[in-house]
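Secondary and tertiary structure notes
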Amino acid sequence: MTMKQFSSVDEYFASLPEGPKRLMEEMRQAIRQAAPEAGEKISYGMPTFTFHGNLVHYAAYKHHIGFYPTPSAIEAFRQELAPYELSKGTVRVALDRPLPLDLIRRMVEFRVNEQLERRKTRR
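The rules behind these values
- Residues numbered from 1 in each chain as written.
- Predicted model: local features only at pLDDT ≥ 70, side-chain atom pairs only at ≥ 80, totals over all residues.
- Heavy atoms only, no water.
- Helix = DSSP H or I, 4+ residues; strand = E, 2+ residues; numbered from the N terminus.
- Buried < 20%, exposed > 50% of the residue type's maximum accessible area, 1.4 Å probe, protein only.
- Lys, Arg positive; Asp, Glu negative; His and termini not counted.
- Charge placed at Lys NZ, Arg CZ, Asp CG, Glu CD.
- Pairing = 2+ DSSP bridges.
- Axes fitted to C-alpha atoms, helices over the stretch in contact; angles between N-to-C directions.
- Contact = heavy atoms within 4.5 Å.
- Expected span 1.5 Å × (residues − 1).
- Core = buried A, V, L, I, M, F, W, Y, C linked by side-chain atoms within 4.5 Å.
- Polar contact = N/O pair within 3.5 Å; in protein donor to acceptor, adjacent residues only side chain to side chain.

This part is about the overall build of the protein. Helix and strand content of the protein: four helices and six strands. Listing every helix and strand of the protein by position from the N terminus yields α-α-β-β-β-β-α-β-β-α. Its C-alpha atoms give the protein principal-axis dimensions of about 45 × 35 × 25 Å. Counting only residues that meet the buried cut, the protein has 46% of its 123 residues in that class. Positive and negative charge centroids in the protein, built from 19 and 15 side chains respectively, lie 5 Å apart.

The strand order across the open sheet formed by six strands is 1-2-3-4-6-5, and the pairing between neighbours is antiparallel. Because the sheet does not close on itself, it has two edges, and the strands there are strand 1 (39–43) and strand 5 (85–87). Mean inter-strand twist for the sheet, computed between neighbouring axes without regard to direction, equals 20°. Here four bridges tie strand 3 (residues 54–60) to strand 4 (residues 64–68), and the two strands are oriented antiparallel to one another. Within strand 4, the residue paired with tyrosine 58 across the bridge is phenylalanine 67. Relative to strand 3, helix 2 (residues 18–34) is tilted by about 165°, and along the sheet it contacts strand 1, strand 2 (46–50), strand 3 and strand 4.

Turning next to unusual backbone geometry. The phi torsion at tyrosine 44 lies on the positive side, around 55°, for a residue other than glycine. The residue tyrosine 44 is located in the loop between strand 1 and strand 2 in this model. A residue is classified by how much of its surface remains accessible, and tyrosine 44, at 70% relative accessible area, is exposed. Despite not being glycine, threonine 70 shows a phi value in the positive range, around 85°. Considering the arrangement of structural elements, one finds threonine 70 in the loop between strand 4 and helix 3 (71–76).

Turning our eyes to something else, we now look at helix 4 (residues 101–122). Working note: α-helix, 3.6 residues per turn, so residues spaced by three or four point in the same direction. Taking 1.5 Å per residue, 22 residues should reach 32 Å; helix 4 reaches 31 Å between its end C-alpha atoms and fits that length. Against the buried residues of helix 4 lie helix 2, strand 3, strand 4 and helix 3.

Before going further, it helps to examine the nonpolar core. One finds Tyr12, Ile31, Leu55, Tyr58, Phe67 and Val108 to be the most contacted residues of the largest nonpolar core, which totals 39 residues. Counting only elements with at least two residues in this core, the list comes to helix 1 (9–14), helix 2, strand 2, strand 3, strand 4, helix 3, strand 6 (90–94) and helix 4. A total of six residues in this core trace back to one element, the largest contributor, which is helix 2.

A separate point is the pairing of strand 1. Sheet topology places strand 1 next to strand 2; five bridges connect them, and they run antiparallel. Bridge pairing links lysine 41 to threonine 48 in strand 2. Here strand 1 folds back onto strand 2, and the loop between the two strands holds two residues, one of which, tyrosine 44, carries a positive phi near 55°.

Another point: the side chain of arginine 28. Locating arginine 28 in the fold gives a position in helix 2. Arginine 28 gets classed as buried once you look at its relative accessible area, which sits at 11%. Polar side-chain contacts of arginine 28 include one of 2.8 Å to the side chain of glutamate 40.

Shown next as structure tokens:
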């Protein structure tokens, strides 16, 4: 589903079938709740929240929703992520499973704090 180039997050969402679109909207809302000051854009062909740089990416695929919170967030929440398919920086949630919205919010908050710390050390 993410092979086409999109100019906006809304355009990306408009292209999705109803089931994945509903899950993506749930994820978008959870991320917004955890990072209300974050911006949105398309990066690497997928919806991306930004906060002092890229914060998290997420995307719909044929069989899953991908959430890309960076390897550090995956490592910090590894035990809670055990029920999901993982790779270095990716969490995959099958389309027939509910999204772990509380966990996603906490991972986004972790990333916001990481970005704030990173910004402090760069000054």
